[in-house]
Amino acid sequence: MSQIYKDGAKVLKLIKTKNIGLKGACFKLKRNVRPIYALINKILPVRKKLENEIQKKWKDCEDIELASLMLFDYWKSGKISGGGAVKHKIMEKFKPSKFLAKNLKKQKRWVIINQFKKPKNTKILGKQDEIIPDLYCIEDSAEIAKMIKNSEIISQEKASCMPVASLRLKKGNWNAIDACAAPGNKTLQLAGRMKKLSTGKIYAYELNPNRFGLLRRRIKEYRADNVKAINGDYLKAEIPKNVKVAIVDPSCSGSGIISHQLIDNGKITVQPDLVTERLKSLSYFQEKVLTKTLNIPGIQQVLYSTCSVHKIEDENVVHNVLSSFWRKFKLVKALPKWKRRGFGDYGELMVRVNPLEDKTQGFFVALIKRRSLRLGHHIIKRTHRYWSKKKHIKFN
Ligand SMILES: C[S@@+](CC[C@H](N)C(=O)[O-])C[C@H]1O[C@@H](n2cnc3c(N)ncnc32)[C@H](O)[C@@H]1O
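Remember, it's a predicted structure, so these values are computed and weren't measured experimentally.

A. Layout of the UniProt feature "active site" (unreviewed entry) in the protein chain. In the UniProt entry, the feature "active site" (unreviewed entry) is given for Cys307. By the secondary structure assignment, cysteine 307 is in the loop between strand E8 (301-306) and helix H14 (315-325). A residue is classified by how many C-beta atoms lie within 10 Å of it, and cysteine 307, with 23 of them, is buried.

The following block contains the structure:
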């Protein structure tokens, strides 16, 4: 039996039983995860339907994940790779079918131009997004696949491009950091913007060695020579000098990623107010990363983002951390042209993306900037009253 089916079935089981997302489950395999990720991602929209078909025709099937992977390939290409008993059962019990042609929609994807290896022909990409520069929404084709393979364009969800697009960057000689960098989407996007503005570097930290390997490979592939990747714990790292800009996109529940939800329970929900032990522990980590970043001497702007829809990982993290930093830092309006904003006080300044209504994954973005002036006495009094009250508010 082909290894990809074995790995794919393991990934599906891990997600179902351990309540982790698709990416997290793929990385647990400790091998080249791209083909498995791509396969599972394609299956997700029809996974439930495939499993129902199997249950109808093969009631005592012992490995429904493995069988649905093989049935997917069989109905898509008419073939199943390798051999084995499960393959033979599928070929015996199922006829070729137009099921996938009817149920799989033609895929559209967002792509962003790689500033280090720009494509010669951008006409094929159509019209640029109105809010995010160099971002395009296109239908998959052989030519697009080739451009992605050549690293001329990067496949990246629109929402995931919003954080870096929110940064208000100026010309100069400054460095940046990405506190939690792999697989490097935001690092690479910032590297592209920085190339035109600063002679400095991005220091990109990643704790997980497998994910670090992927980050390093991508930096090389995309020729982003202004990025230095560091395999280590950001919370223990000594921060280089002259860092003015930071991205804080820490590990989160991933609850804004629709594919995670599809695979977990087959239905999609957005639950901003959900609080669980796991979410509490994630938000504790997120606060630590943001706090360390705001303590960097001379830091001018810090971008905080997650692909979570839960307030406890989003607005609450920003509020809790700012309650100790408000004298020096303030929230500024991130991506003003985007309509959907955050919840609660200062919500207007933050960005929210709803995965059910905004045709991209769920996301949260907050932009924090150092105050340019010392606060006047009256403002300090008023603001202090506000934040000292906040310290006692429980956000759940
Ligand atoms: C949400 S992902 C980052 C996604 C990335 N910003 C992008 O756009 O491609 C969070 C990453 O932080 C890493 N991470 C978790 N704890 C860390 C730590 N203490 N130091 C550095 N990286 C960490 C995780 O392994 C994971 O790869």
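B. Region of interest: the packing of helix H4 (residues 47-57) against helix H5 (residues 64-77). Between H4 and H5, whose axes approach to 9 Å, the crossing angle comes to 105 degrees. Classed by the angle they form, the pair H4 and H5 counts as roughly perpendicular. Every residue of H5 that contacts H4 at Arg47, Leu50, Glu51, Glu53 and Ile54 is listed here: Ile64, Ala67, Ser68, Leu71 and Phe72.

C. Broad picture of the UniProt feature "binding site: S-adenosyl-L-methionine" (unreviewed entry) in the protein chain. Taking the UniProt record as the reference, the feature "binding site: S-adenosyl-L-methionine" (unreviewed entry) is found at Cys180, Ala181, Ala182, Pro183, Gly184, Asn185, Lys186, Glu206, Asp233 and Asp249. Looking at the secondary structure, you find proline 183 in the loop between strand E4 (175-178) and helix H10 (185-195). Contacts of proline 183, omitting those with residues within four sequence positions, involve Arg211, Leu214, Leu215 and Arg218. Classification of glutamate 206 as buried rests on a count of 26 C-beta atoms within 10 Å. Once you skip the residues sitting within four places of it in the chain, glutamate 206 turns out to touch Ala181, Ala182, Arg211, Phe212, Leu215, Ala229 and Asn231.

D. Examining the nonpolar core more closely. Core analysis: the largest hydrophobic core is formed by 70 residues, its most contacted members being Ala246 and Val365. Per element, the largest residue contribution to this core is six residues, and it comes from strand E11 (residues 363-370). For this core, the two domains that each supply at least three residues are domain 2 (108-155) and domain 3 (160-390).

E. How the structure looks around the packing of helix H1 (residues 3-18) against H5. Running from N to C, H1 and H5 cross one another at 125 degrees; their axes reach a closest spacing of 8 Å. Judged by the angle between their axes, H1 and H5 are oblique. With respect to the hand of their crossing, H1 and H5 are arranged in right-handed fashion. Mapping the contact onto sequence places Tyr5, Gly8, Ala9, Leu12 and Lys13 in H1 and Glu65, Leu66, Leu69 and Met70 in H5. Residues belonging to the contact of H1 with H5 are distributed by class as follows: six nonpolar, one polar and two charged.

F. Highlighting unusual backbone geometry. Alanine 182 connects to proline 183 through a cis peptide bond whose omega is 5 degrees. Backbone geometry at arginine 223 places phi at a positive 60 degrees, although glycine is not the residue there. Along the chain, arginine 223 falls in the loop between helix H11 (209-221) and strand E6 (227-231).

G. A look at the domain arrangement of the protein chain. For the protein chain, the assigned domains are domain 1 (3-103), domain 2 (108-155) and domain 3 (160-390). Computed over C-alpha atoms, the centres of domain 1 and domain 3 are 35 Å apart.

H. The arrangement of the sheet that holds strand E1 (residues 108-113) in detail. Strands sit in the order E2-E1-E3 across an open sheet of three strands; the sheet is antiparallel. Unpaired on one side and paired on the other, strand E2 (135-139) and strand E3 (153-155) mark the two borders of the sheet. When strand polarity is set aside, the average angle formed by the axes of neighbouring strands in this sheet is 40 degrees. Where E1 and E2 come together, five bridges link them in antiparallel fashion. Pairing of arginine 109 across the sheet is with isoleucine 138, part of E2.

I. Highlighting the pairing of E11. Among the eight residues that make up E11, six are buried, leaving the element largely enclosed by the rest of the structure. For E8 and E11, the ladder comprises six bridges, and the chain directions are antiparallel. Opposite serine 305, over in E11, you have valine 365 as the bridge partner. Both strand E9 (residues 329-332) and E11 contribute to a ladder of four bridges, which runs antiparallel. Residue lysine 330 lies in a different strand from E11, and its bridge partner there is lysine 369. Here strand E10 (residues 351-353) pairs with E11 via three bridges, running antiparallel.

Procedures and definitions
- Residues numbered from 1 in each chain as written.
- Predicted model: local features only at pLDDT ≥ 70, side-chain atom pairs only at ≥ 80, totals over all residues.
- UniProt positions renumbered as here; feature names shortened; annotations may be inferred.
- Helix = DSSP H or I, 4+ residues; strand = E, 2+ residues; numbered from the N terminus.
- Buried ≥ 20, exposed ≤ 12 C-beta atoms within 10 Å, placed from the backbone.
- Axes fitted to C-alpha atoms, helices over the stretch in contact; angles between N-to-C directions.
- Parallel < 35°, antiparallel > 145°, perpendicular 65-115°, else oblique.
- Contact = placed C-beta atoms within 7 Å.
- Core = buried A, V, L, I, M, F, W, Y, C linked by C-beta atoms within 7 Å.
- Domains from an automatic or database assignment.
- Left-handed = near helix turned anticlockwise from the far one by under 90°.
- Nonpolar A, V, L, I, M, F, W, Y, C, P; charged D, E, K, R; others polar.
- Pairing = 2+ DSSP bridges.

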